[in-house]
Each structure stands twice: as structure tokens, then as C-alpha cells.
Protein chains: 2
Amino acid sequence: MTRVPYQDMFDEFLRVLLKCGFRRDRAELCARLFADASLDGVPSHGLNRFPVFINDVRKGTVKIHAEPVLVESFGALERWDGRHGPGPLNAHFCMGRAIELARQGGMGCVALKNTNHWQRAGNYGWQAADAGCIGICWTNTMALMPPWGAKERRLGNNPLVIAVPRPGGHVVLDMAISQFSGGKVQIHRTSGEPLPVEGGYNREGRLTRDANEIAESRRPLPIGYWKGSGLALMLDLVVSLLSGGLATHEIGKLTETSVSQIFMAFDLARLAPGSLSARVVNDVVDNFHAAEPIGENSKVLYPGERSLAARRENLERGIPVEPSLWQNVKEL
Amino acid sequence: MTRVPYQDMFDEFLRVLLKCGFRRDRAELCARLFADASLDGVPSHGLNRFPVFINDVRKGTVKIHAEPVLVESFGALERWDGRHGPGPLNAHFCMGRAIELARQGGMGCVALKNTNHWQRAGNYGWQAADAGCIGICWTNTMALMPPWGAKERRLGNNPLVIAVPRPGGHVVLDMAISQFSGGKVQIHRTSGEPLPVEGGYNREGRLTRDANEIAESRRPLPIGYWKGSGLALMLDLVVSLLSGGLATHEIGKLTETSVSQIFMAFDLARLAPGSLSARVVNDVVDNFHAAEPIGENSKVLYPGERSLAARRENLERGIPVEPSLWQNVKEL
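For clarity, every value in this text was computed on a predicted model and none was experimentally measured. (Residues numbered from 1 in each chain as written. Chains lettered and ligands numbered in written order. Predicted model: local features only at pLDDT ≥ 70, side-chain atom pairs only at ≥ 80, totals over all residues.)

Draft legend 1. Quick peek at the overall build of chain A. Counting secondary structure elements, chain A contains 12 helices and 11 strands. Relative to the globule expectation of 20 Å for 332 residues, the C-alpha radius of gyration of chain A, 20 Å, shows essentially globular dimensions. Each of the three principal axes of chain A carries a C-alpha extent, and together these read 55 × 50 × 45 Å. Taking all 332 residues of chain A together, the buried fraction comes to 56%. A separation threshold of at least 6 residues defines the contact pool for chain A, and within that pool the share at least 24 residues apart is 63%. (Helix = DSSP H or I, 4+ residues; strand = E, 2+ residues; numbered from the N terminus. Rg over C-alpha atoms; globule rule 2.2 N^0.38 Å. Buried ≥ 20, exposed ≤ 12 C-beta atoms within 10 Å, placed from the backbone. Contact = placed C-beta atoms within 7 Å.)

Draft legend 2. Up close: the interface of chain B and chain A. The interface of chain B with chain A comprises 61 residues on the first partner and 61 residues on the second. Elements supplying a minimum of two residues to the side of chain B that touches chain A: strand S4 (107-116), strand S6 (160-164), strand S7 (171-175), helix H8 (226-243), helix H9 (268-271) and helix H10 (276-289) of chain B. With 12 residues, H8(B) is the largest single contributor of residues to the side of chain B that touches chain A. The residue makeup of the side of chain B that touches chain A, split by class, is 39 nonpolar, 14 polar and eight charged. (Nonpolar A, V, L, I, M, F, W, Y, C, P; charged D, E, K, R; others polar.)

Draft legend 3. Broad picture of the environment of A:Val321. Secondary-structure assignment places A:Val321 in strand S11 (residues 319-321). When residues no more than four places from it in sequence are discounted, the contact partners of A:Val321 are A:Met1, A:Thr2, A:Val4, A:Leu47 and A:Trp326.

Draft legend 4. Quick peek at the sheet that holds strand S2 (residues 69-73) of chain A. Residues and elements named next belong to chain A. Strands sit in the order S2-S3-S4-S10-S5-S6-S7 across an open sheet of seven strands; the sheet is mixed. The open sheet has two edge strands with one neighbour each: S2 and strand S7 (171-175). Each adjacent strand pair in this sheet contributes to an overall mean axis angle of 15°, direction not counted. Two elements, S2 and strand S3 (residues 77-81), share four bridges in a ladder whose sense is antiparallel. Looking across to S3, one finds that Leu70 is bridged to Trp80. Strands S3, strand S4 (107-116), strand S5 (133-139) and strand S10 (257-267) of the sheet are contacted by helix H4 (residues 87-105), whose axis makes an angle of about 165° with S4. (Pairing = 2+ DSSP bridges. Axes fitted to C-alpha atoms, helices over the stretch in contact; angles between N-to-C directions.)

Draft legend 5. Looking closely at the sheet that holds strand S5 (residues 133-139) of chain B. Residues and elements named next belong to chain B. Strand order in the open sheet formed by seven strands is S2-S3-S4-S10-S5-S6-S7, with mixed pairing between adjacent strands. The open sheet is flanked by strand S2 (69-73) and S7, the only strands paired with a single partner. Taken over all neighbouring pairs, the strand axes of this sheet differ in orientation by 15° on average, direction set aside. As paired strands, strand S3 (residues 77-81) and S4 are joined by five bridges and run parallel to one another. Looking across to S4, one finds that Glu78 is bridged to Val110. Helix H4 (residues 87-105) contacts S3, S4, S5 and strand S10 (257-267) of the sheet and is inclined by roughly 165° relative to S4.

Draft legend 6. Summary view of the environment of A:Ala76. Looking at the element boundaries, A:Ala76 is found in the loop between S2 and S3. In this structure the C-alpha to C-alpha distance between A:Ala76 and A:Gly108, which are 32 residues apart in sequence, comes to 4.9 Å. Setting aside its immediate chain neighbours within four residues, A:Ala76 contacts A:Leu101, A:Gly105, A:Met107, A:Gly108, A:Cys109, B:Gly75, B:Ala76, B:Gly105 and B:Met107.

Draft legend 7. Representation of the relation of the copies chain B and chain A in the model. In screw terms, the move from chain B to chain A is a rotation of 180° and a rise of 0.0 Å along the axis, fitting with an RMSD of 0.0 Å. Those values place the two copies in the arrangement expected of a two-fold rotation axis. Among all residues of chain B, the one whose C-alpha sits closest to the rotation axis is B:Gly224, at a distance of 2.5 Å. Looking at chain B, 100% of its interface residues are interface residues in chain A too, so the copies touch through the same face. (Least-squares fit on C-alpha atoms with pLDDT ≥ 70 in both.)

Draft legend 8. Unusual backbone geometry, seen in detail. All names here are of chain A. Of note in the backbone geometry, Tyr225 takes a positive phi value of approximately 55° without being a glycine. Mapping Tyr225 onto the fold places it in the loop between helix H7 (211-217) and helix H8 (226-243). The exposure class of Tyr225 is partly exposed, given the 19 C-beta atoms found within 10 Å. Residue Ser258 is not a glycine yet carries a positive backbone phi of 60°. Relative to the assigned elements, Ser258 resides in strand S10.

Dropping the structure here:
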């Protein structure tokens, strides 16, 4: 591992995106969203995934000039068509639009169809929280998990984000409905380290912590066994109904494109004026932090706390990168 | 186990509620909500819990004549005060109000504070789906689970419901964020049967399937380990911010009262006119059902499928009841 300054990583992404023909303002935002993922300790959807994204751009799967268009407005709820544009730009736009709607009526909800992988889900939660809003968003994906009691993949892992603003550091949950995200399984395949808890089945149908066995069987486990299986199904149903876009079973099996997403924002400046929301959130987080930890030297962490710590460290010391992956990007 | 006709159970609940002084229309709705829970195979929040509810009524924790009042309207989003009224009536009213808002603007969101235990969460999902709406609702609870990495209970198990209408049977997820609900743990304590998967810790801090050990340690496990821990925290933060009501750490440790809830509805008659939504949902469910099951004689079930099967059987054959619990109610 070497470390690369944030600005250098951003500049490199920007260079490649401009070379691909992105308009400057869109290239800058896209570069920032990828760099922010690595900065916050999620390189699986930052640096490490950037070449895959560029490949999709070059294949034409991602249409770089396409911008979302409004399909239908119901008031606080709007439907947009992402027209196969860059997933991160579409998602950032739609959370922005949900925030605008929330400024008007307390809440806004934007459903988006025909979009591409939004990369790091948490980005759009941080975006809402930075704007003083509660943000809730999720996406469907191609089929990645078997339903509970089944052998075949039929469910997306449908990442879900819930974000709440907090002056000392936002509280941001960013989770796939699989016990481990694809990125996490990949890291354990490379390192050979077992997963901390069972993450799926082996070929014999037994639960295992071995990431390679799970990749072979193609049977990762949803969180909470039958519960996550049901939750993943519901997230897919709701997002495809609200957006009018594709459901998981209709999304391509080889290339994940035309996914459906939903973005909700609630404006706390309207709902909890003054410092009320900060007080409410701080009280909850303080109570959570005060729980006696299991290990003597361990700490109970709220969702997003690790990201913020990574951001602070990486801004100061540079972002850790796998040298070969960094080299790949420099050669794009 | 003996079986009791639905009408008899309803009549018995109605008798007791009228005796307690409930207004007739409110007694009828409340009796129906309790009877529906047992009918659908959730006696833990139907017959079995009815005496606890009546006890709360007699203690005055539940104020039988209190009706929700509007605190603030932002358009599609409204805030209501439940004034410590009967939880099932308050919740039914607020989902109804969310449905009304959805009829106007596609979606409605009602946040409720100062309410009491809503009993069976799924009832309000079925209510939305029966009205042709997607329904999403959740509640916070008193502290029932330790955060991930901690020993002490600081998190509610904050049941979450997501419901989608479907002509052949609604798809309704009704789940606590703990791996097992309190009701389920209780059933296994009585039967002595181990839980099907690990459900919490024993006193030595090891994961266990023994419901008695979990009850002793007071450390049930959230779904997905750290993921459910984060999800439970977020659900509490969002519901307390939106409602302006109490968060889990403020809810009484001995008597659960003054909980906060949220109800969202999306009107599919407006969002997916004609038979479009039925087609979308049927396609997803058919694809889910078609997944090859693990066991030769097993079936892959969507959320709500088991409830509907129980309802059909129990309407025909009567609702199974524990005779002593049925006798308790008859003596109320």
C-alpha cells in the first residue's frame, strides 16, 4: 500500500473523464464522487472500481452526456428517467432534487429509472446530511442472492442508505442486504482471511466463512437469513413500482444496467428548527456510545463513524492505494 | 390447542373493550385488529397479548378516549400527537391518514408521537395494501438489544413493515430488527426447542440458539450483526426526528409507552394506473417463486404468504388458541 493525496486522485480521475469526453462540470462532480469513496475508506467503489466504470463508458453502456428528465410529478413525489447516464451523476442529481422538494414541503421523494450503478451508495446519504436533511435511498441490482430456502440467485443485494445530519459527524448507514457486499467478499478472496461471520453457502449447501467457497457456490447469505431475503424482495418491489423502471429479474445478468433507485429527503431546518435536531441526534448517539463495550479496549461505533475517521486520516496522510490499481488508472 | 371461530374471538374482545368503556366504533376496530393478528397466525400480538393491553388500559397507561391530533402539516408530510391513546387505533388512524394524503399527491407520510404499542405491526401494512397502496411503517420501542460490540441494551428492535398490494395475496414484510421477535423467543422458552439459528448471546458472551439463555443474558442479536445494529439506530433516529417524539433511550424501561411511529403510503392507482402494478408485482413474485428450492418438498415463500395461508385455514377451521389463554380472556 502506498498513499496518494486526495487532490492527486481527483486530478487523475478528472483527466480520464475529460479524455472520455465528459463535460467539465460533470467530469469534476464524477471525479469527486469516486475520490470521496476512496477517501472515506470505500475503495471498492472508488479507485478500485473506476476502471470498470470507464470500461462501461467506452462500451457505451454508460451514456456520458445523458441527463435525467422528469417523467411525472405528483408534488412531493417525482419520477425521473436516467436515460442510461452515469450512475453517480444521476444519483447525485436525484438526491439533490429530493432535497429541493424537501425545502418546499418538508419532504421530497424522487424515483429514478433507467440508471446505472451509483457506485458508493453512502455518497448520497452524506450529500443529504450535508444539506441538513435526513436522506433515505436505495437501489436495486442484478440478481446476486438466492431467496431464503432456494438455491438460485433471484434477489438483488439492493443497498440501502439512511443518513441523519449531526454537527460532530453525520450518522450514515450504507449497507447491502447481503451479509457481505461484493467488495468485501472480493477483499477476503484476495487476502484468504475468513469472513468474521458466516456469509453464504459452500457447494455442499453448508454455511461457510470462506469467501472463495461463497463465490463458487454463488450463494451469499442475506442479513438475518429469511428476514433479509424478504427485505431485499420488498426493496426491489417498491423501487420498481415507484420508478416505473426495471425490477431485479429484468436487469441484465452479465452487465448491470437500467437499475431503479429511490431518493427521499426530509428537511430538518423545517421539521426541527434551530438546534433541536442536533440535540436529538446527539442525545441518541451519546447514549449509544455510552453502552459498555464487550472488549476492554473496544469502542461501540455508530454508522458513519469509521468513514469519518478514515476521511480525516486520509486527508492528512493520503489515501491508501494498491499500487497496481493506481497504476492502472494512470494508464487509462 | 383448541380452535375458536373468528367471530367468537372478535365478540369476546369486543365485550371486554366495551366493558372497559371504549366507544362502540373504537371497540369494534380494536377488537378486529387483535382478532386479525390471531387469525393471521400472529397470536403473540393477538389473543396472547390482549390481557396485557387490557391491563394497560386499566392502569391508565393507554387512554381509551384519546384520539390523535394534528400537530403540524407540511403538505404530503404531517405530524400527529397520539396523546397516549390505544396504539392499534392510533396506528390504524395514521396509516389511514397517509393513504388519504397519497390519494391526493401520490404519497403521504404521517409521523406520530406519544402513542402506545401498536401490537401486530403487519396489520397496518395489510391496511395500506387493501387500499391499493404501498405501505411502509415502523415504530421504535424500549431498549431491547445491545448495539453491536456492546453488552448493554440500548437499541429498540424497531419493527419495520413494507407492504405491496397484489391481487392474489399482498406481499407484506413484518419484521423486528432483532433476529427473533420477543414473541418468538417466548414461544421457544415455553417449548424448549432451540431457535433455528443463533439468536443472541449467553451469559458467557457466546452466541447461542437457546431462548432461555438469551432471555437471561438480555442480549438478543440484531439481524446481520453490525448491520441490524446500525439499522435499528437509524430507524429510531428518523422516527424520533420526524415525529418530534421520544427516542428509544427516552422510553420507559419498565412500561413501554410514548413510542414514536411513521407511516408512509404510495397510491398505486395514481402511480401505476390500470393493471400495471398487478403485472409488475406478479412478475416479481412469480420469478421469486420459481427459484429452485433447497429441499425437495420445500417451497420458497414470499413475505405475507404464510399469513394468508393461516388466515384461510383459520377462517375455515377456527383460530388455534392455548385454552388457558382463551379462558383468561373470557374472564376479563
